[in-house]
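Structure assessment
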Amino acid sequence: PFRGTSVVTIHDLSAFKWPQCHPPERIRYMGDEVKFALQQAALLITDSEYTRCEISRHFSWPIDKIVSVPLASAAGFHPREAAELESCLAKHALPLNSYSLFVGTIEPRKNIEVLLDAYERLPASLRQRWPLVLTGYEGWNSVEIHDRLASAERAGWLRYLGFVDSEDLPLIYAGARLFVFPSLYEGFGLPVLEAMASGIPVVCSNASSLPEVAGNAALMCEAQDVVKLTQLIQRGLEDGDWRASASSLGLSKAAEFTWARCARQTANAYEKALQN
């Protein structure tokens, strides 16, 4: 509760649009809190144009009272020389430029089982040469996913690093050969931006806000199209011309997203709320 003018940021509507990917108590909490926030707010901020339109439709909120303010990646995410990566990659037993990377909470919304299905369809020689590496918190309802991760680790084509601290994570990005992110739903998709800022080619789903972030720099497909995802991953690993182009395009696209712009647009939104 606040007597003055209120501006509320809503990052995504996953609890409303993908309730099967959340625990019931989270859905109840978010439902109550967002309802209260909408009663109080003079203006809403979102992270993407996709979420801006989605909120307007879902809650019948005036679109002109919702402002899209894109996020940015941290300064630590940038291309690195091999010598700079050596110590960190050795600590995690990762070979330079020889693994595909997924970063995100291990939970159903991230569509990890489809990623595993797609990677398992690759030729065995490719999986062994360029294994899949995953890092992220152990999320909700992830027991079956972790069972599959363990099975793939035993087969020799996957590594699960668990949670990686903020000092090592940018280096693990920069050392990857390919970033793969077939998420079902994202309010923004920060890991895709972090990968592009690191100069790493990206394969991702075309779900929700991800096309806004990736632009024409990534290979994209429907989130649950296993066959197409396999094809794109294989191209991302093997096609040298596309890889060079994707790295260059990704760096250019990532440069459009800055915290200075985010701060400026956020301040503008506050001023708009006060004027109204």
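Residues numbered from 1 in each chain as written. Predicted model: local features only at pLDDT ≥ 70, side-chain atom pairs only at ≥ 80, totals over all residues. Heavy atoms only, no water.

A word on the nonpolar core. With 74 residues, the main nonpolar core has L101, L158, F179, V192 and I233 as its most contacted residues. Not counting residues within four places of it along the chain, the set of residues in contact with L101 comprises V133, T135, I172, Y173, A176, L178, F179 and V180. Formed by 12 residues, the second largest nonpolar core is a distinct cluster that contains V8, V34, A41 and Y185. (Core = buried A, V, L, I, M, F, W, Y, C linked by side-chain atoms within 4.5 Å. Buried < 20%, exposed > 50% of the residue type's maximum accessible area, 1.4 Å probe, protein only. Contact = heavy atoms within 4.5 Å.)

Even without being a glycine, N97 presents a positive backbone phi close to 60°. Structurally, N97 can be placed in the loop between helix 4 (82–91) and strand 4 (100–103). One non-glycine residue with positive phi stands out, namely N141, at about 55°. With respect to the helices and strands, the residue N141 is situated in the loop between strand 5 (132–135) and helix 7 (143–155). (Helix = DSSP H or I, 4+ residues; strand = E, 2+ residues; numbered from the N terminus.)

Glancing now at the pairing of strand 5. Of the two faces of strand 5, the one holding L132 and L134 and the one holding V133 and T135 are both buried throughout. Here strand 4 pairs with strand 5 via 4 bridges, running parallel. Each residue of the ladder has a partner; that of V103, found in strand 5, is T135. Examined bridge by bridge, strand 5 and strand 6 (residues 158–160) share 3 bridges and lie parallel to one another. Bridge pairing in strand 6 links L132 to L158. Crossover strand 5 to strand 6 through helix 7 is right-handed. (Pairing = 2+ DSSP bridges. Right-handed = clockwise from strand over helix to strand, strands pointing away.)

Moving on, we come to the packing of aromatic side chains. Applying the stated criterion across every chain, the model contains 9 aromatic pairs. Ring centres 5.7 Å apart and planes at 20° place the aromatic pair F102 and F181 in the stacked group. Of the two residues, F102 sits in strand 4 while F181 sits in strand 7 (residues 178–181), which places them 79 residues apart along the sequence. Taking the relative accessible area as the measure of exposure, F181 reaches 0% and is therefore buried. Look at Y119 and W157: their rings are 6.0 Å apart centre to centre, the planes differ by 10°, and that puts the pair in the stacked class. Within this pair, whereas Y119 is found in helix 5 (residues 112–120), its partner W157 is found in the loop between helix 7 and strand 6, the two being separated by 38 residues in sequence. One aromatic cluster in this structure is built from F77, F102, Y173, F179 and F181. Geometry around F257 places R261 over its ring, the cationic atom sitting 5.3 Å from the centre. (Phe/Tyr/Trp six-rings, centres within 6.5 Å; stacked < 30°, edge-to-face > 60°. Lys NZ or Arg CZ within 6 Å of the ring centre and 35° of its normal.)

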